[in-house]
Amino acid sequence: PWNQYFDYIRWGASLVHARFTELPAIIHANHPGALVGYHDYDLVNVNYVGEEAAQPSTDDAEYLPLPSPNDYDFYSFVFYGPWTTPAQVKEDLQRRTNNFVFYWGKQPLLLGETGFLTDTTLTAQQQTDFLNAVMDFTKANGMGYNYWAWQGAPGDNSALNVLNGQGQPTTVYQVLKL
């Protein structure tokens, strides 16, 4: 059945494809040795090009934002909650990593955005457990990461912030420091 939402996503991917395919060659020609990465929010990350199918498919390759193969040095993707268990965090990260490997092969991956919603009902310990699961996965798979969190506002008790409302390090600081 026709899905207007996915047609729009695929149209957007075609625009990226047309503009970004030659970008690494241009950058490498002007800046030899520069690393050029592609950041994917959801097209490959959660397989929107495949209409969120559980498994990626070669049938969807024409909708990819980049050709395969391509000249990018690494790929970056986003990963935000919510999750119900730390095991679910690792399963979801593995599924997303598999999407990139399926479409583009073994290319270095960077978890370019990760973090959590601060309006959560999770306890500080649960939040820390989820972050530990993300960090364990990235370290075990040789991935870099970039954690997004804003400094807490006065009175903000979110354990997901690196600093609390008084500017003091939180448990997250200790997890990321390791």
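Not measured: the values here are computed from a predicted model.

1. Some remarks on the overall build of the protein
When its secondary structure is counted, the protein shows five helices and four strands. Reading the protein from its N terminus to its C terminus gives the helix and strand order α-α-β-β-α-β-α-β-α. Counting across all 178 residues of the protein, residues that qualify as buried make up 38%. Element-wise, carbon and sulfur atoms account for 55% of the exposed surface of the protein, whose accessible area totals about 10,100 Å².

2. Comments concerning the pattern of salt bridges
Applying the stated criterion to the full structure yields two salt bridges. The salt bridge partner of arginine 95 is aspartate 92, with a shortest N-O separation of 2.6 Å. You can see arginine 95 and its partner aspartate 92 sitting in helix 3 (residues 86-104), three residues apart, about one turn around the helix. You can call arginine 95 partly exposed: its relative accessible area is 30%. With a closest N to O distance of 3.3 Å, aspartate 92 and arginine 96 form a salt bridge. A residue pair is termed a helical-turn pair when its members lie 3 or 4 positions apart in one helix, as aspartate 92 and arginine 96 do in helix 3 at four residues. Summarising the burial analysis for this pair, aspartate 92 and arginine 96 share the class buried. Several salt bridges share partner residues, and in doing so they unite Asp92, Arg95 and Arg96 into one network.

3. Side note on the packing of helix 3 against helix 4 (residues 124-140)
In the contact formed by helix 3 and helix 4, the axes pass within 8 Å of each other and the chain directions differ by 35°. The two elements helix 3 and helix 4 meet at a crossing, and its hand is right-handed. Residue-level inspection shows Pro86, Val89, Lys90, Leu93, Gln94 and Thr97 of helix 3 in contact with helix 4, the latter providing Asp129, Phe130, Ala133, Val134, Asp136 and Phe137. Here the contact of helix 3 with helix 4 is built from residues that sort into seven nonpolar, two polar and three charged.

4. Description of the nonpolar core
Ranked by internal contacts, the top residues of the largest apolar core, which has 34 residues, are Tyr75, Phe77, Phe79, Val89, Leu93 and Trp104. Taken together, the elements giving at least two residues each to this core come down to helix 1 (4-20), strand 2 (74-80), helix 3, strand 3 (109-115), helix 4 and helix 5 (171-177). Top contributing element to this core by residue count: helix 4, with six residues. Apart from residues lying up to four places away in sequence, tryptophan 104 is in contact with Tyr38, Val44, Leu64, Pro65, Leu66, Pro67, Ser68, Asn70 and Tyr75.

5. Side note on the side chain of threonine 138
Positionally, threonine 138 belongs in helix 4. Discounting residues that sit within four places of it in the chain, threonine 138 has contacts with Leu111, Met143 and Tyr145.

6. As for a nonpolar patch on the surface
Residues Tyr8, Trp11 and Leu15 make up a contiguous nonpolar surface patch of about 360 Å² in total accessible area. Mapped onto the fold, tyrosine 8 is located in helix 1.

Conventions we followed
- Residues numbered from 1 in each chain as written.
- Predicted model: local features only at pLDDT ≥ 70, side-chain atom pairs only at ≥ 80, totals over all residues.
- Heavy atoms only, no water.
- Helix = DSSP H or I, 4+ residues; strand = E, 2+ residues; numbered from the N terminus.
- Buried < 20%, exposed > 50% of the residue type's maximum accessible area, 1.4 Å probe, protein only.
- Areas by Shrake-Rupley, 256 points an atom, 1.4 Å probe, with all protein chains shown as cover.
- Salt bridge = Lys/Arg side-chain N within 4 Å of Asp/Glu carboxyl O.
- Axes fitted to C-alpha atoms, helices over the stretch in contact; angles between N-to-C directions.
- Left-handed = near helix turned anticlockwise from the far one by under 90°.
- Contact = heavy atoms within 4.5 Å.
- Nonpolar A, V, L, I, M, F, W, Y, C, P; charged D, E, K, R; others polar.
- Core = buried A, V, L, I, M, F, W, Y, C linked by side-chain atoms within 4.5 Å.
- Patch = residues over 30% accessible without salt bridge, like charges linked within 9 Å, V, L, I, M, F, W, Y side chains within 5 Å.

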